[in-house]
Amino acid sequence: MLERMARPLAGLWNGAASVISGFYRALGTPGKLLQDFMNGSWLGHSLHAVIVDVVIGGATAALLLDVLRIFFNVEGLDTAAIWVLGLAWLAGVGAILTGLTDFKDTGTGDERNITGLHGFINIVGNGGFAVSLLQRWNGNHDGAFWTLLIGYLLISFGSYIGGHVVFKYGYMVNHNAFSRGKRAKEFVAVVSVAEVAEGAPTKVMFGSTAVMLVRRGDVVHALKDTCSHAGGPLSGGELRDDTITCPWHFSTFRLSDGSVVHGPAGSRQVSYRARINGDRVELQGPHD
Ligand code: FES
């Protein structure tokens, strides 16, 4: 049902994603750093999910204060409700900005459509919080309760759809969480040195696991080929200094240990120990 609701507006969602991508691109390097902050790459988890907790918690508390005031005649709660709802609205603005940043890298099709619907409903719901705040500012506290209730119901539905984005589509979830691949306690030969071109990402198979190798002289780096962000092939990415950048959404990982240099990835890339033994490249790991 959610997919059917979201599909007719696919053009809107794709257009919005293009505009947001263009905005960050136009900002250049500062845009990249801002995007890293918004994605939560520095945190190791989605920043959006953290801020959403404040929105829902604050709105629930504001609603409770209103219910106590209106239905149980508890006095002196008007000002507290304004402060708590104000916090929820402000966090809502943060959730919108972080959410739009995550949204621009969704895969086209149902994943993007559903995420767009989630964002649209929550933006309208947060607008309801803003109207409720204005009503309180003008002394209309009872009217503000009903507006808050409508905004709250919208945000609740939008949050449900947000759960769909994560739990059904696995968006912003580490794509290697359930499949770290082959494990080897001892070094295992995977390919001849001659097949790994100097300074070019090379995809090899380590058992059934695709691994990207980068050889520089006698030093070999090895990362799992499947990008932790959304499964892109790192061996098709761009090598620069000691990093590799994924070709799909440009997450950048350090070759030596798979740590995240730039998002949208929030999870470290699975990495292996690699060495040259005779004319063979050998792998051991992955590192935990
Ligand atoms: S798949 Fe998105 S950055 Fe690699």
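Residues numbered from 1 in each chain as written. Predicted model: local features only at pLDDT ≥ 70, side-chain atom pairs only at ≥ 80, totals over all residues.

A. View of unusual backbone geometry. Of note, the amide linkage connecting glycine 263 to proline 264 takes the cis form, showing an omega dihedral of 15 degrees. As for its position among the elements, proline 264 is in the loop between strand 8 (260–262) and strand 9 (271–277). Residue proline 286 is bonded to the preceding glycine 285 through a cis peptide linkage, with omega at 15 degrees. Within the element layout of this structure, proline 286 appears in the segment after strand 10 (280–285). One non-glycine residue, asparagine 73, adopts positive backbone phi at about 55 degrees. Tracing the sequence through the fold places asparagine 73 in the loop between helix 3 (47–71) and helix 4 (78–103). (Helix = DSSP H or I, 4+ residues; strand = E, 2+ residues; numbered from the N terminus.)

B. Geometry of the nonpolar core. Ranked by size, the top nonpolar core spans 24 residues in total, and within it Leu213, Ala222 and Leu223 carry the most contacts. Of all the secondary structure elements, the ones that give two or more residues to this core are strand 3 (209–216), strand 4 (219–224), strand 9 and strand 10. In terms of residue count, the dominant contributor to this core is strand 3 (four residues). Residue contacts for leucine 213: discarding those within four places in its chain leaves Val196, Thr202, Val204, Val220, Ala222, Ala274 and Val281. Residues Met38, Val55, Ala88 and Leu133 belong to the second largest nonpolar core, which totals 22 residues. (Core = buried A, V, L, I, M, F, W, Y, C linked by C-beta atoms within 7 Å. Buried ≥ 20, exposed ≤ 12 C-beta atoms within 10 Å, placed from the backbone. Contact = placed C-beta atoms within 7 Å.)

C. Up close: the packing of helix 2 (residues 10–39) against helix 4. Orientation of helix 2 relative to helix 4, taken along the N-to-C sense of each, is 110 degrees, at an axis distance of 10 Å. In this view, helix 2 runs roughly perpendicular relative to helix 4, as classed from their interaxial angle. Crossing of helix 2 against helix 4: the hand is left-handed. Between helix 2 and helix 4, the contacting residues are Ala17, Ile20, Gln35, Met38 and Asn39 on the first element and Leu97, Thr98, Leu100, Thr101, Asp102 and Phe103 on the second. Classifying every residue of the contact of helix 2 with helix 4 by side-chain character gives six nonpolar, four polar and one charged. (Axes fitted to C-alpha atoms, helices over the stretch in contact; angles between N-to-C directions. Parallel < 35°, antiparallel > 145°, perpendicular 65-115°, else oblique. Left-handed = near helix turned anticlockwise from the far one by under 90°. Nonpolar A, V, L, I, M, F, W, Y, C, P; charged D, E, K, R; others polar.)

D. Region of the structure containing the sheet that holds strand 9. Strand order in the open sheet formed by six strands is 1-10-9-4-3-2, and the pairing between neighbours is antiparallel. Strands with a single pairing partner mark the edges of an open sheet, and in this sheet they are strand 1 (184–192) and strand 2 (202–206). Strand-to-strand, the axes of this sheet are offset by a mean angle of 35 degrees, without reference to chain direction. Where strand 9 lies against strand 10, five bridges are found, and the strand directions are antiparallel. The partner of arginine 275 across the bridge, within strand 10, is glutamate 282. (Pairing = 2+ DSSP bridges.)

E. Spatial organisation of the sheet that holds strand 8. Here four strands make up an open sheet; going across it, the order is 5-6-7-8 and the pairing antiparallel. Either end of the sheet is taken by a strand with one partner, and the two such strands are strand 5 (238–240) and strand 8. Across the sheet, the axes of successive neighbouring strands diverge by a mean angle of 30 degrees, strand direction being ignored. Bridge count between strand 5 and strand 6 (residues 243–245): three bridges; the pairing is antiparallel. Following the sheet pairing, glutamate 238 is matched in strand 6 by threonine 245.

F. Region of the structure containing the environment of phenylalanine 157. Along the chain, phenylalanine 157 falls in helix 6 (residues 141–167). With 96 residues separating them in the primary sequence, phenylalanine 157 and alanine 61 have C-alpha atoms 18 Å apart.

G. Local environment of the pairing of strand 3. Among the eight residues of strand 3, six are classified as buried, and the element is accordingly described as predominantly covered. Pairing between strand 2 and strand 3: five bridges, direction antiparallel. Within strand 3, the residue paired with threonine 202 across the bridge is leucine 213. Count of turn residues in the strand 2/strand 3 antiparallel hairpin: two residues, of which glycine 207 carries a positive phi of about 65 degrees. Pairing geometry for strand 3 and strand 4, over six bridges, is antiparallel. Among the inter-strand pairings, valine 211 is bridged to a residue of strand 4, identified as lysine 224. Taking the residues between adjacent antiparallel strands as the criterion, strand 3 and strand 4 are bridged by two residues, where glycine 217 takes a positive phi near 65 degrees.

H. Representation of helix 3 in the model. With 25 residues, helix 3 extends 36 Å between its outermost C-alpha atoms, agreeing within 8% with the 36 Å of an ideal straight helix rising 1.5 Å per residue. Looking at the buried side of helix 3, the elements it contacts are helix 2, helix 4, helix 5 (110–137) and helix 6. Note on helix 3: the residue one or two positions beyond its end, asparagine 73, has a positive phi of about 55 degrees. (Expected span 1.5 Å × (residues − 1).)

I. The domain arrangement of the protein, seen in detail. Annotation of the protein at the domain level lists domain 1 (2–167) and domain 2 (184–285). Look at where the C-alpha atoms of domain 1 and domain 2 centre, and you get two points 38 Å apart. Counting residues at the interface gives 13 residues for domain 1, matched by eight residues for domain 2. With four residues, the single largest contributor to the side of domain 1 that touches domain 2 is helix 2. (Domains from an automatic or database assignment.)

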